[in-house]
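Reading the structure
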Amino acid sequence: MDLINQIKKLKKEKNAIILTHCYQNIEIDEVSDFVGDSLYLSQMAAKTNADIIVFAGVFFMAQSAKLLSPNKKVLLPNPQSGCLMADMIDLENLKIFKEKHPNIPVVCYINSNAEIKANCDICCTSSNAIDVVSSLKTDKVLFVPDTYLGKYVQSKLQNIEVITFNGFCPTHLRIRVEDIEQARKTYKDALILAHPECHQEIIKRADFTGSTKEIMDYAKKSDCKRFVVATEKGVVDRLNRDSKLNNWNKEFILINENIICPNMKKNTLNDIYKTLLGETNEIILDEKIIAPAKQCIEKMLQLKSN
Ligand code: 13P
Ligand code: SF4
């Protein structure tokens, strides 16, 4: 039996599901139950009746699934797949940041580790960051760890001051203004779509900015036939696949061939098979942080369903 069928068989035997982020290697979609962005996958993790969740994504995503379903076994296929941005903030520098700006609510991007979430007021993803910040009805917020997503939120909200921590995504920051200028020259008919983790000079020049899902929805609905995409390669691969499968006749071009998140690409089909077979690489959380970190994510999910 080939690897894909072996994984599917194991999933059935163990009542397991596989949640897959759009930045994963595209062949993983074949064994996945849900493929999407951080917000969608966290909603699916909260709802599932499965006994085991295999999270094909990075560490903070598997941790968030565990927080939302603490009684389930959550497995990360390759334990080396961390998020470089999430690791830019630890408890010590969060404390210093809060002390520098006392008595201000703290919004944390879901791209953060559980102990950070446990010490923040509410979580957000790139899909709902603007809604989450404005829901706080305050004149100032602290935003961690991504300074660029924070600056993007600030550009959309005039009445709130967004004070950002200095984290960033090294993958999205590889996109340069020259890439946009070159794309405009080479593909005159194309629209440029960017993720809000990009530098504001990129966002300023893009035709549309949105989260993974927003970019995918926008591209699907648009009448345009060609798009240059300023986010991770996995999004471009899936858009080109879906265009072929559904006869959209649309072409998606990655803005620069280096926009690949190395850690997202660490999970392989073989890792998924091995982790499910042996139930290895389980996410274990410190009991003390489960309740506050879970609350941080649940506040965001409740807001979404209001
Ligand atoms: P999304 O919130 O769009 O899924 O993005 C997650 C991420 O890691 C972007 O770099
Ligand atoms: Fe983290 Fe950037 Fe990779 Fe997203 S693309 S998982 S923010 S390092």
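Our structure's up above, just so we're on the same page.
Residue numbers restart at each chain and count upward from 1, following the sequence in its written direction. Working convention: letters from A go to chains and numbers from 1 go to ligands, in the order in which they are written. Since the coordinates come from a predicted model, pLDDT governs what is reported: local features require at least 70, and pairs of side-chain atoms require 80 or more to be given and counted, while whole-chain, interface and lining totals use all residues. Heavy atoms throughout the structure, all of them, feed into the side-chain values; hydrogens and water do not.

On to the site of ligand 1, then. The full set of residues close to ligand 1 is His21, Tyr23, Asp37, Ser38, Tyr109, Asn111, Ser126, His172, His195, Glu197, Ser211 and Thr212. Definition of a polar contact: a pair of N or O atoms within 3.5 Å, with one able to donate and the other able to accept a hydrogen when the atoms are protein atoms, and with sequence-neighbouring residues admitted only if both atoms are side-chain atoms. A distance of 2.7 Å separates an oxygen atom of ligand 1 from a polar side-chain atom of His21. One of the side-chain nitrogen or oxygen atoms of His195 is found 3.0 Å away from an oxygen atom of ligand 1. Surface accessibility in these figures is a Shrake-Rupley result with a 1.4 Å probe; residues are shielded only by whichever protein chains are displayed. Out of a free accessible area of 300 Å², ligand 1 has 96% covered by protein chains. The residue makeup of the shell around ligand 1, split by class, is 2 nonpolar, 8 polar and 2 charged. We define proximity as follows: a residue is near a molecule or strand when any one of its heavy atoms falls within 4 Å of that partner. All residues other than Ala, Val, Leu, Ile, Met, Phe, Trp, Tyr, Cys, Pro, Asp, Glu, Lys and Arg, Gly among them, are scored as polar; the first ten of these are nonpolar and the last four charged.

Turning to the packing of aromatic side chains, a few remarks are in order. Under the pairing criterion, centres of Phe, Tyr and Trp rings, with the six-membered ring standing for Trp, must be within 6.5 Å; the plane angle then separates stacked pairs below 30 degrees from edge-to-face pairs above 60, leaving the rest tilted. Evaluation of the coordinates by the stated rule reveals 4 aromatic pairs. Between Phe34 and Tyr40, the ring centres sit 6.2 Å apart and the planes meet at 70 degrees, which makes this aromatic pair edge-to-face. Remark: exposure states derive from per-residue accessible area (1.4 Å probe, protein chains only) relative to the maximum for the residue type, with buried under 20%, exposed over 50%, and partly exposed in between. On the basis of relative accessible area, Phe34 is assigned to the partly exposed category, the value being 26%. You can call Tyr40 partly exposed: its relative accessible area is 27%. Look at Phe97 and Phe165: their rings are 5.5 Å apart centre to centre, the planes differ by 80 degrees, and that puts the pair in the edge-to-face class.

A word on helix α1 (residues 3-14). Helix numbering and strand numbering both begin at the N terminus, where a helix is a DSSP run of H or I of at least 4 residues and a strand a DSSP run of E of at least 2. Working rule for helices: expected span equals 1.5 Å times residues minus one. Along its 12 residues, α1 runs 16 Å from first to last C-alpha, staying within 8% of the 16 Å computed at 1.5 Å per residue. Along α1, the positions that sit buried rather than exposed are Ile4, Ile7, Leu10 and Lys11. One face of α1 carries all of its buried residues, which in axial projection span an arc of 125 degrees. Exposed and facing more than 90 degrees away from the buried side of α1 are Lys12 and Glu13. By definition, the arc is the one covered by directions from the helix axis to the C-beta atoms.

Residues in contact with ligand 2, as listed here, are Tyr23, Val58, Cys83, Leu84, Met85, Asn111, Cys169, Glu197, Cys261 and Met264. When its residues are assigned to classes, the shell around ligand 2 shows 8 nonpolar, 1 polar and 1 charged.

Here, strands pair whenever DSSP counts at least two bridges between them. Here strand β9 (residues 191-194) runs beside strand β11 (residues 226-230); their pairing, made up of 4 bridges, is parallel. Opposite Leu191, over in β11, you have Phe227 as the bridge partner. Pairing geometry for β9 and strand β10 (residues 208-209), over 2 bridges, is parallel. Considered in β10, the bridge of Ala194 is made with Thr209. A crossover gets the label right-handed when its path from the first strand over the helix to the second runs clockwise, viewed with the strands pointing away from the viewer. Read as a crossover between parallel neighbours, the route from β9 over helix α9 (residues 200-205) to β10 is right-handed.

Moving on, we come to unusual backbone geometry. Geometrically, the link from Val144 to Pro145 is a cis peptide bond, its omega value of -15 degrees lying close to zero. Tracing the sequence through the fold places Pro145 in the loop between β7 (140-144) and α7 (147-156). Notably, Asn15 is not glycine yet its phi reads approximately 50 degrees, a positive angle. Tracing the backbone shows Asn15 in the loop between α1 and β1 (16-21). Classification of Asn15 as partly exposed rests on a relative accessible area of 36%. Even without glycine at this site, Asn249 takes up a positive phi of about 55 degrees. Structurally, the position occupied by Asn249 is in the loop between α11 (233-245) and β12 (251-254). By relative accessible area, Asn249 is classed as exposed at 62%.

A separate point is the sheet that holds β7. On the basis of which strands lie adjacent, the open sheet formed by 4 strands has the order β6-β5-β7-β8 and parallel pairing. Looking along the sheet, the strands with just one partner apiece sit at the ends: β6 (122-124) and β8 (161-164). Pairs of neighbouring strands in the sheet enclose a mean axial angle of 30 degrees, with direction left out of account. In terms of strand pairing, strand β5 (residues 106-109) meets β7 through 3 bridges, oriented parallel. Looking at the pairing, Val107 lines up with Phe143 of β7. Here an axis means a line fitted to C-alpha atoms, over the contact stretch when the element is a helix, while the angle between two N-to-C directions is reported on a 0 to 180 degree scale.

One ladder, built from 4 bridges, connects β11 with β12; its direction is parallel. Bridge assignment links Val229 to a residue of β12, and that residue is Leu254. Chirality of the crossover, the property in question, places the unit of β11, α11 and β12 among those that are right-handed.

What follows concerns the sheet that holds strand β3 (residues 52-56). One open sheet holds the 4 strands; their spatial order is β2-β1-β3-β4, and the pairing between them is parallel. Where the open sheet ends on each side, the last strands, each with one partner, are β2 (34-36) and β4 (73-75). With strand direction ignored, the average angle separating the axes of adjacent strands in the sheet is 20 degrees. Across 3 bridges, the pairing between β3 and β4 is parallel.

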